[in-house]
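Survey of secondary and tertiary structure
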Amino acid sequence: MKDIGPVADLYRTELSRFEREIAGTTPAWMQQLRQAAGTRFADLGFPTTHHEEWRHTDVTPIVKTPFLTAKRGPDIAKAELEPMASWVGAGHLLAFVNGRFSPSLSLLKRLPEGVIAGSLEDSCVVSSGLLEAHLGQQAQYDDHVFVALNTAFLKEGAFIYLPPKMVIEEPILVVFASCANGEATVSHPRVLIVAGSSSRATVIESYVGLKDDLYFTNAVTEVVLGEEAVFDHHLLQQESRAAYHIGTLAVHQGRNSTFTSHSLAIGSTFDRSEVHALLAGEGGSCTLRGVYAATGRQHVDIHTRIEHAKPSCTSRQLYRGILDKQATGVFNGRIVVRADAHKTDARQTNNNLLLSEDAVIHTAPQLEIFADDVKCTHGATVGQLDRDVLFYLRSRGIDLEDARRLMTHAFGSELIRLIAQDRIRNRFTELLSRWASPSHSESLPA
Amino acid sequence: MPDPILQISDLHVATAGKEILRGLNLTIRAGEVHAIMGPNASGKSTLAYVLAGREGYQATAGTIRYEGKDLLIMPPEARAREGLFLAFQYPIEIPGMTTLQFLKAALNTIRKHRGLEELDAIDFLALVKERAQLLDVDVDFLNRPVNAGFSGGEKKRNEILQMTFLDPKLAILDETDSGLDIDALKIVAGGVNALRRPDRAMLLITHYQRLLKFVVPDYIHILLNGRIVQSGGKELALTVEERGYGWLEGPDTRISEEKAAP
């Protein structure tokens, strides 16, 4: 599908302009990467619902809207970002506005020797080798048009590096705030995290809309975990209710590494979130837990792919969806077990709560198993609020609306309560609780 | 004589298209403790559910007056706010909601209705600790999801704990003794007795007289085939223990095989 229409032309024009503007400011390898991705973007074109991977998710509104590359972020006041960032407490903060790094909004405390947490662009100077070795390696742009598009605009982003054995207790919060100011704009946030062997860290990626703007976020995050590394990842999607969000998280796990991700998706009018994890060394463990909640005409689509490439790895996927009004949801969880990945232990569960007659969920597990001696299980449920529980709550004086709200919150809380760090767990809990409150369809994410 | 809290007149109730209560009459006044005894399928739980307002239990004839008001038109939450409390025979599990969250939501709703301020976190916890001690409930267990993975005894104690929180005018205890060993029964009975007050009425629904040894009622009624066939004082329980329910069955009250099945 090469005929990708005037919008693709627009992207091409924007790309040429972008390359002209930044000519000579980035390393040669990065320019080559951008060029290769740009070419691939033009070849692939945007998917239609005839593509199996996009069957239930129609990107036409994104294709038809002439999103312009976001200008350098309007200088937003610290106070505007405060509610989205201060909850993390004593942690480190990397702030981006419209995809551009904002040193004045960031809070970079002294980090231990050897640790890097900062702007990707700044890191090009001293860590070019590290970036070159990893950027574009995990998130494959060959077969994913939105990853290709993101990579074609690659210049800025967040870069986090942990040397071997480094343990960082305080979480690192990376906030991508968008503020379109009445002009439909697109940004391509990029995050690269390289965690050395036996290192430990906690990162939160947060996507927030500051106003009820129409914009498009096309994010890519790459995580590379060395042997025995332990990494806690969190993803908060609170884009504006008019926004489009497409995000790809690509993880490469070394031997005996542990990756845990908790996600909460409550914002945007359209969300397509993908997770691709490759268990590339023996004994790795990958846990993905996500809650997605949608109402009104929101569409949320979760696509996961966990690939067991080596023996004795464990993967757990636990996703819960809450869909109200005319919202639609998609959960597509794929587990791939390669031929020599024996003793694989993979489980996948997807539970959905439909709060209205009109809400729709498409849920499909996809298992591709090429090895013997593996344990792979999957299960999906779709249900309504339990009438017995509703009655029990009402019999204690709680009215129907509150009972529904409490039960909806409880449904999501079962996953959120598994978050290890108190502050992060409390924040997720609070956001879900706010979402579940009766006025959720009118309120802006904040 | 105090005013009646509950007045049931000629109540007929059907569930799943079948008539279960067939002309029940009962009056309960403030300060009184009544017990309704009866074999399986006599309509005991149906009475509990229709009083609490569970869906699927249709009053086809008769009236229920609660403090003079028509109870049957009130939604379940309104009944609870007005002081009616049902301790469930089979307490419901609520995954994802801790007992503390549940208690706090219920307590504050009811306090708000009664014009009282919501309790803050500190006062609430202090109250929880005090009440939990009374019922020998481990405070840790209050941080677990409501009834999920609780033993039968823990579930029943949790019901009584809720009752102490919600300060009801009329407490209905549906088979609260079932599934309890003797120690748990004594604890639960102690909790119930501590709640006896001149301005509060209780209705104990039970198959056996076991509970009635520890919570001694003022009146006992025998429910058979959807009607009260005998009423008396506390000594009636002993008669039931000795003779069972068979002697009460006239041709009119005979329980069919089908209805007697559990």
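One structure accompanies this document, and this report is about it. Model, not experiment: these values are computed from the prediction. Numbers given for residues are sequential positions, taken from 1 along each chain in its written order. Chains carry letters from A onward and ligands carry numbers from 1 onward, assigned in written order. Per-residue local features are limited, in this predicted model, to residues with pLDDT of at least 70; the limit for side-chain atom pairs, both in listing and counting, is 80 or more; totals at the level of whole chains, interfaces and linings are taken over all residues.

1. Digging into unusual backbone geometry
Residue and element names in this part refer to chain B. One non-glycine residue, A41, adopts positive backbone phi at about 65°. Mapped onto the elements, A41 comes out in the loop between β3 (33-37) and α1 (44-52). We call a residue exposed when 12 or fewer other C-beta atoms sit within 10 Å of its C-beta, buried when the count reaches 20 or more, and partly exposed for counts in between; the C-beta positions come from the backbone. Of the residues examined, A41 has 19 C-beta atoms within 10 Å and is grouped as partly exposed. Although it is not a glycine, D167 adopts a positive phi angle of roughly 55°. Within the secondary structure, D167 is located in the loop between α5 (152-166) and β9 (170-174). Under the DSSP-based scheme used, a helix requires at least four consecutive residues in state H or I and a strand at least two consecutive residues in state E, with every element numbered from the N terminus.

2. Comments concerning the pairing of strand β9 (residues 200-209) of chain A
All names here are of chain A. Judged by how many residues are buried, β9 sits mostly within the fold: 9 of 10 residues are covered. Pairing between two strands requires that DSSP report at least two bridges joining them. As paired elements, strand β6 (residues 172-178) and β9 share 7 bridges and run parallel to each other. Directly across from L173, in β9, lies its bridge partner I204. Bridging between β9 and strand β11 (residues 230-238) involves 9 bridges; their strand directions are parallel. The residue bridging S206 from the neighbouring strand is L236, located in β11.

3. Considerations on the packing of α5 of chain B against helix α6 (residues 182-194) of chain B
Residue and element names in this part refer to chain B. Two elements in contact, α5 and α6, have axes separated by 10 Å at closest approach and are oriented at 10°. Relative to α6, the element α5 lies roughly parallel. Residue-level inspection shows G153, K156, R157, I160 and T164 of α5 in contact with α6, the latter providing A184, I187, V188, G191 and V192. Counted by class, the contact of α5 with α6 contains 5 nonpolar, 3 polar and 2 charged residues. For helices, the fitted line uses only the C-alpha atoms of the stretch in contact; every axis is such a line through C-alpha atoms, and the angle between N-to-C directions lies from 0 to 180 degrees. The scheme is simple: roughly parallel for angles under 35 degrees, roughly antiparallel for over 145, roughly perpendicular for 65 to 115, oblique for anything else. It is the C-beta atoms, placed from the backbone, that decide contacts: two residues are in contact if theirs lie within 7 Å. Three classes are used, and their members are as follows: Ala, Val, Leu, Ile, Met, Phe, Trp, Tyr, Cys and Pro are nonpolar, Asp, Glu, Lys and Arg are charged, and the others, Gly among them, are polar.

4. As for the interface of chain A and chain B
Contact with chain A, which involves 16 residues of that partner, is made by 21 residues of chain B. Among the elements of the structure, α7 (387-394) and α8 (400-416) of chain A are those that each provide at least two residues to the side of chain A that touches chain B. The element that contributes the greatest number of residues to the side of chain A that touches chain B is α7 of chain A, accounting for 6 residues. Tallied by class, the residues present in the side of chain A that touches chain B amount to 7 nonpolar, 3 polar and 6 charged.

5. Brief notes about the pairing of β11 of chain A
Residue and element names in this part refer to chain A. Where burial is concerned, most of β11 is hidden: 8 out of the 9 residues are buried. In the sheet, β11 pairs with strand β13 (residues 258-265) via 8 bridges, with the strands oriented parallel. If you follow V230 over to β13, its bridge partner there is T258.

6. Thoughts on the sheet that holds β9 of chain B
Residues and elements named next belong to chain B. Across the sheet, which stays open at both edges, the 6 strands sit in the order β6-β9-β10-β3-β11-β12 with mixed pairing between neighbours. Edge strands, defined here as strands with exactly one partner in the open sheet, are β6 (84-87) and β12 (227-232). Looking at each pair of strands side by side, their axes are set apart by 20° on average, direction ignored. With 5 bridges connecting them, β3 and strand β10 (residues 201-206) associate as parallel partners. What sits directly across from I36, in β10, is I205. Here α5 sits on the sheet and contacts β6 and β9; the angle it forms with β6, its principal contact strand, is near 170°. Helix-sheet contacts for helix α8 (residues 236-243) involve β3, β11 (219-224) and β12, and the interaxial angle to β11 is about 40°.

7. Looking at the environment of R396 of chain A
Along the chain, the position of R396 of chain A falls in the loop between α7 and α8. Judged by C-beta crowding, with 24 C-beta atoms within 10 Å, R396 of chain A ranks as buried. Setting aside residues no more than four positions away along its own chain, R396 of chain A makes contact with A80, A106, Q162 and L166 of chain B.

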